[in-house]
Amino acid sequence: MKHFLKITLSILLVSQIVSAQTKYTISGFVRDAKTGEELIGASILIKEMPAIGTTTNAYGFYSISIPEGTYNIISQFIGFDLQNKQLKLNGNTVQNFTLSEKATKLEEIVVAAEKKDENITKNLMSVEKINIQEIKNIPVIFGEKDILKTIQLLPGVKSAGEGNSGFYIRGGAADQNLILLDEAIVYNASHLLGFFSVFNADAIKDVTLYKGGQPAEYGGRLSSVLDIKTKDGNDKQYGVEGGLGLISSRLKIDGPIVKDKGSFTINGRRSYADLFLKLAKDSAMRQRKLYFYDFNAKVNYRINEKNRIFLSGYFGKDILGFGDQMGIDWGNKTGTLRWNHVVSSKLFSNTSLIFSNYDYNINTRLAGTDGEIVSRIQDYNIKQDFQYFSNTKSKFKFGLNSIYHKIIPGAIITKSDSSISELNLKHKQALENAIYFTHELKPSGIFSFEYGIRFTSFSTLGAGDFYTYNSLGETIDTASYTKGEFVTTYYNIEPRFSANFILNEKSSIKAAYGRNTQNLHLLSNSTSGNPTDLWIPSSNNVKPEIADQISMGYFRNFKNNAFEFSTEVYYKYLQNQIDYKDGAELRFNENAESQLLFGTGRAYGIELFLKKKYGRFNGWVGYTFAKTEKKIAGINKGEYYPAKQDRTHDISIVGIYELSKKLTVSATWVFYTGNAVTFPSGKYEVAGQLVNYYTERNGYRMPTYHRLDLGLTWQRKKTEKFESSWNFSLYNAYGRENAYTITFQEDPNDPTKTQAVQTTLFRWVPSITYNFKF
Amino acid sequence: MKIDIFKYKSTLIGIFNLLLVVLVFSSCEKVVNIDLNSKDPQIVIEGNINDQPGPYTIKLTNTANFDELNNFPSVSGASVIISDDFGNSETLTETSAGIYSTSTIQGTIGRTYTLKVTANGKEYSAVSKMSSSVILDTLTIVTEQTPKGSNKTIYVNFIDPIGVDNYYRFIKIINGVTQKSIYVEDDLLKDGEAINQPLFARGQDETKLKPGYNVTIVMQSVDKNVYDYFRTLLQLSSSGLINQSASPANPLSNISNGALGYFNACSVTSKTIIVQ
């Protein structure tokens, strides 16, 4: 570790000497004038040096070094009025900006200095920034604005199914997405089996999705990073905001703890579909429980301009039950303690202590089966990140991270008179370490690149017996380890690289390569993810999954940056991919690892994206052509076969139109090829049962899916003191009967025949939400 | 270590389906036309031999395409041989189309039986060992009040022999009609214990128990491969809407060369009860 810091610091020093001139550093924070919230990704420009610019980091901090002189420093952020500060630079200077929200919602003229071509000039490719304001107007199921549903409308991002918040990125499985909430890993991002996501949009400040070319500070999952940062809360005045919907309601309170120094925010949400059940005539129906709730809370305090502390937490739970007789609940808990420290005007540090937990409990109280099943995954995580703003051409990021994972795969606790046996599957412990280093370099106005490396180690720890299996899944070796003893350790080097070459003012080409590894694997063999799916760490049997992705893109803007067009192609090669043996028994199986098969995979595709960002009408069109295949000995004769998330065509169209200052209408349309699926090729009879005959895995396709959603937002009042609006939405407006599942069964009316039955979940789901803010 | 949690699983499946029913107020089902590939028919072998007096039968049929009627073509003219590890062997005679019967061989506990079938130029074989018999002591019926009204469940009671791996298959016969539900159990977590095991009714597959009904339970002691066959057959047939396996596959057969079905050499005990 010391070694690593030494090397890093000496690199920094050398680059310092090379660029030694009489330069001074301007640094500071960019904040929202009304709430005091730091703005992430706000631009800092220097009027006199148009080629030079920077953006604020995840904590709203920027640093830029330029020669002595008098300058106009401009800061601007989308949706805010820009701010210009004149400055005589003859020493290191702290310059903070406070930007005010644009008075009018309609954007009229393009301001000359505004940097609207970031998609061209920025080095990043395969990255999507989600604008929370934009999400508000997009219609979604049950009228609850939802980040995970919105990102599914972007090219390269596919929904895991009807109304599902699970998603697949560039052919990756649902467990290959690193979902971070204030840096804490979220293991299950779904409420109510995916119809809601666990992220309350009111609490969220910034969402960034990396589909490829992930910077080296991220790691641990193969496909993508979804980095979600919550709001800090208003440090100037108290505010209340909320929404009343048919299925759920939410409330947010925020305000200062010490004015301009510290603030808090609390967000709560609860669904109440079960309250309607109380009205049911059927007494069995009245006893059913079915709801979720969640809380986001955050406090922060600015000790001085150089030190700031944040404490944030999330707590959520889903509860399903049948009277007192049986029930299941599950949920996430996360906690993050952060310390921002401006070491010098050029060096920014953040230290985080992070806790995350996901668990589920099942209990039954039926006679003879009194008992409880518990399962849990827990992380204790420490993270140190540095950002060094060397000069206008070069920026460094480096840091380290250590996570202790603790998994309780499943324990059954019973009452004495129960007919079920007690069971406690072996607990699993693992230690995951990473160090990383990234250098962002802009040698000239037209060329920029970023290279980085991430070095990781993953160790499975004792105590317990560790089994080794042969290809038949039989135990061939057992080794015993004591508590804390290292069982297996895997080391991985993950190089990352991305480059941007600006062709002209309107277009650029970009390329990226990255290797990612994954050491926690989700065993899920159901069509839609279940809360009881099991995470397992890499072990003597399960090797780290590895993905190498190369991508290239062409970016072009039209009509004075009013339209953005981009196309990206990617190819991914995956190693140590997991699939399941025929008839695999994954739950409550101490030998679950013996039920797995391993092989390789490949994914490739092209994504096209056209977006109109400004004006009364805005929206986008996205198209993806993709292929995802696996090759695993023991499945389909060891040949490449489509993975279950394979979909050939995927189209999304989003349109938002501001009819007047009070009325906004929106529509989305999605169309995609059905997923690869296993259907029977015949049937037979055995033991008196009619049984389907399967000949190949994922050899068929579900029917094509398409759907139109409509939304209407009606702004009732908008004053300084009080705002309110109504939101109406209609999901699946033309009532398409999309297939959720297709089952093959005996014809109930004619036992001599069989039939295929398609189940459709939603046709025409209308919803109304009332939103308020004061 | 694998635990039997079928009842927990069925609870789970029940809850998930319940969730769907409640949540999905507008869900609907319809029969659709799916174009399924035709495949060459595959042979289905269903073979049983036990410690009770014979004759024992082997049934040979073929698979049918999905759009065809549910009468499955029988396979005639095959050569079917059952032998044991004590040198006994018998070639079965076809007593009716696709049904092959023994006349001399007697199933004996502890022996390993081999089935050899030659049909349409292909050879299939399977091995199964006849396990020691375990006595089914008693049957009890428990009445429970559920939100849907009272519900009767039959329980099997027996002592699991200690120190050996035991696998059980139960067949439920109500008023002389063999029920379709599959029940299998292992003893990995309750070796040597007195077992009191409910055989929950599974959906519409089963007649609801009412006073006066005559219920017979046949308990088979089977070997591990046969247990795995019925376990995976159950998995295939019991998956609910949400719990549906993403990669359904044919049950794990103990017959070679791609044949479907099973060959089961087992010991058998049974008990009958009249529902009160």
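Residues numbered from 1 in each chain as written. Chains lettered and ligands numbered in written order. Predicted model: local features only at pLDDT ≥ 70, side-chain atom pairs only at ≥ 80, totals over all residues. Heavy atoms only, no water.

S.K.: Provide a residue-level description of the overall build of chain A, including the pertinent values.
M.R.: The helix and strand inventory of chain A stands at 6 helices and 51 strands. Out of the 774 residues belonging to chain A, those deemed buried represent 61%. Restricting the contact set of chain A to residue pairs at least 6 apart, pairs at least 24 apart contribute 64%. When the accessible surface of chain A is split by element, carbon and sulfur atoms take 59% of a total near 29,900 Å². (Helix = DSSP H or I, 4+ residues; strand = E, 2+ residues; numbered from the N terminus. Buried < 20%, exposed > 50% of the residue type's maximum accessible area, 1.4 Å probe, protein only. Contact = heavy atoms within 4.5 Å. Areas by Shrake-Rupley, 256 points an atom, 1.4 Å probe, with all protein chains shown as cover.)

S.K.: Give a description of the side chain of A:Asn771 that names residues and reports values.
M.R.: Within the secondary structure, A:Asn771 sits in strand E51 (residues 765-773). With residues up to four places along the chain from it excluded, the contact list for A:Asn771 reads A:Gly242, A:Gly243, A:Arg250, A:Glu723, A:Ser724, A:Ser725 and A:Asn727.

S.K.: Tell me what's going on with the side chain of A:Ser159, and back it up with residues and numbers.
M.R.: Residues and elements named next belong to chain A. The topology assignment puts Ser159 in strand E10 (residues 157-159). Judged by its relative accessible area of 10%, Ser159 is buried. Beyond its immediate sequence surroundings of up to four residues, Ser159 is in contact with Gln152, Asn164, Gly166, Tyr168, Arg647 and Tyr672.

S.K.: Give a description of the sheet that holds strand E9 (residues 122-129) of chain B that names residues and reports values.
M.R.: All names here are of chain B. In spatial order, the strands read E5-E4-E8-E9; together these 4 strands make up an open sheet with antiparallel pairing. Whereas interior strands pair on both sides, the edge strands pair on one side only; in this sheet they are strand E5 (89-91) and E9. Each strand axis lies, on average, 15 degrees off the axis of its neighbour in the sheet, ignoring direction. Alignment of strand E4 (residues 79-84) against E5, held across 3 bridges, turns out to be antiparallel. Considered in E5, the bridge of Ser83 is made with Ser89. (Pairing = 2+ DSSP bridges. Axes fitted to C-alpha atoms, helices over the stretch in contact; angles between N-to-C directions.)

S.K.: Talk me through a positive patch on the surface; I want residue IDs and the actual numbers.
M.R.: All names here are of chain A. Taken together, the side chains of Lys34, Lys136, Lys718 and Lys773 present a region of like positive charge at the surface. Mapped onto the fold, Lys773 is located in strand E51. Assessed through its relative accessible area of 34%, Lys773 is described here as partly exposed. (Patch = residues over 30% accessible without salt bridge, like charges linked within 9 Å, V, L, I, M, F, W, Y side chains within 5 Å. Salt bridge = Lys/Arg side-chain N within 4 Å of Asp/Glu carboxyl O. Lys, Arg positive; Asp, Glu negative; His and termini not counted. Charge placed at Lys NZ, Arg CZ, Asp CG, Glu CD.)

S.K.: Would you mind going over the sheet that holds strand E5 (residues 69-76) of chain A in detail, with residue names and values included?
M.R.: Residues and elements named next belong to chain A. Read across the sheet, 4 strands follow the order E3-E2-E5-E6 without closing on themselves; strand pairing throughout is antiparallel. Strands at the two margins of the open sheet, each flanked by one partner only, are strand E3 (53-55) and strand E6 (83-89). Between one strand axis and the next, the sheet turns through 25 degrees on average, direction left out of account.

S.K.: Give me the lowdown on the pairing of strand E47 (residues 705-718) of chain A, citing residues and values where you can.
M.R.: All names here are of chain A. Strand direction decides the pairing type here: strand E42 (residues 663-672) and E47, joined by 10 bridges, are antiparallel. In the strand pairing of E47, Val670 is matched with Arg707. Pairing geometry for E47 and strand E48 (residues 723-731), over 8 bridges, is antiparallel. Residue pairing for E48: Gln715 is matched across the bridge by Ser725.

S.K.: Describe in detail the packing of aromatic side chains, supporting the description with residues and values.
M.R.: Across all of its chains, the model carries 46 aromatic pairs over all chains by this definition. With centroids separated by 5.1 Å and ring planes inclined at 45 degrees, the aromatic side chains of A:Tyr210 and A:Tyr218 adopt a geometry described as tilted. Each member of the pair, A:Tyr210 as well as A:Tyr218, is classed as buried. Considering the side-chain rings of B:Tyr229 and B:Phe230, the 5.3 Å spacing of their centres and the 90 degrees angle between planes classify their relative orientation as edge-to-face. The exposure class of B:Tyr229 is buried, given its relative accessible area of 1%. For B:Phe230, a relative accessible area of 1% translates into the label buried. Each residue in the set A:Phe29, A:Tyr59, A:Phe61, A:Phe310, A:Phe348 and A:Phe389 is aromatic and connected to the rest through ring pairs, giving one cluster. One Lys or Arg, A:Lys426, reaches over the ring of A:Phe466 and ends 4.1 Å from the middle of that ring. (Phe/Tyr/Trp six-rings, centres within 6.5 Å; stacked < 30°, edge-to-face > 60°. Lys NZ or Arg CZ within 6 Å of the ring centre and 35° of its normal.)

S.K.: Outline the environment of A:Tyr731, listing residues and values.
M.R.: Residues and elements named next belong to chain A. Structurally, Tyr731 is set in strand E48. A relative accessible area of 3% means that Tyr731 is categorised as buried. Between the C-alpha atom of Tyr731 and that of Ile141, which follows or precedes it by 590 residues, the distance is 5.6 Å. In this structure the side chain of Tyr731 is engaged in a polar contact, spanning 3.2 Å, whose partner is the side chain of Arg707. (Polar contact = N/O pair within 3.5 Å; in protein donor to acceptor, adjacent residues only side chain to side chain.)

S.K.: Can you explain the environment of A:Asp235? Please cite residues and give values.
M.R.: Residue and element names in this part refer to chain A. For Asp235, the location among the structural elements is in the loop between strand E17 (224-230) and strand E18 (239-245). The buried category is assigned to Asp235, whose relative accessible area is 4%. Sequence-wise, Asp235 and Thr265 are 30 residues apart; in three dimensions their C-alpha atoms are separated by 9.8 Å. Filtering out sequence-adjacent residues up to four positions away, Asp235 remains in contact with Thr35, Gly36, Pro256, Val258, Lys259, Asp260, Lys261, Gly262, Ser263 and Arg302.

S.K.: If you had to explain unusual backbone geometry to someone new, which residues and values would you point to?
M.R.: Residues A:Gly462 and A:Ala463 are joined by a peptide bond in cis, for which omega reads 15 degrees. Position of A:Ala463 among the secondary structure elements: in the loop between strand E29 (447-461) and strand E30 (464-469). Omega for the peptide link from B:Gly54 to B:Pro55 comes to -5 degrees, which places this bond in the cis form. For B:Pro55, the position within the fold is in the loop between strand E2 (43-50) and strand E3 (57-62). Notably, A:Glu183 is not glycine yet its phi reads approximately 75 degrees, a positive angle. Here A:Glu183 lies in the loop between strand E12 (177-181) and strand E13 (184-185). Of the residues examined, A:Glu183 reaches a relative accessible area of 10% and is grouped as buried. Even without a glycine there, the phi angle at A:Asn576 is positive, about 55 degrees.

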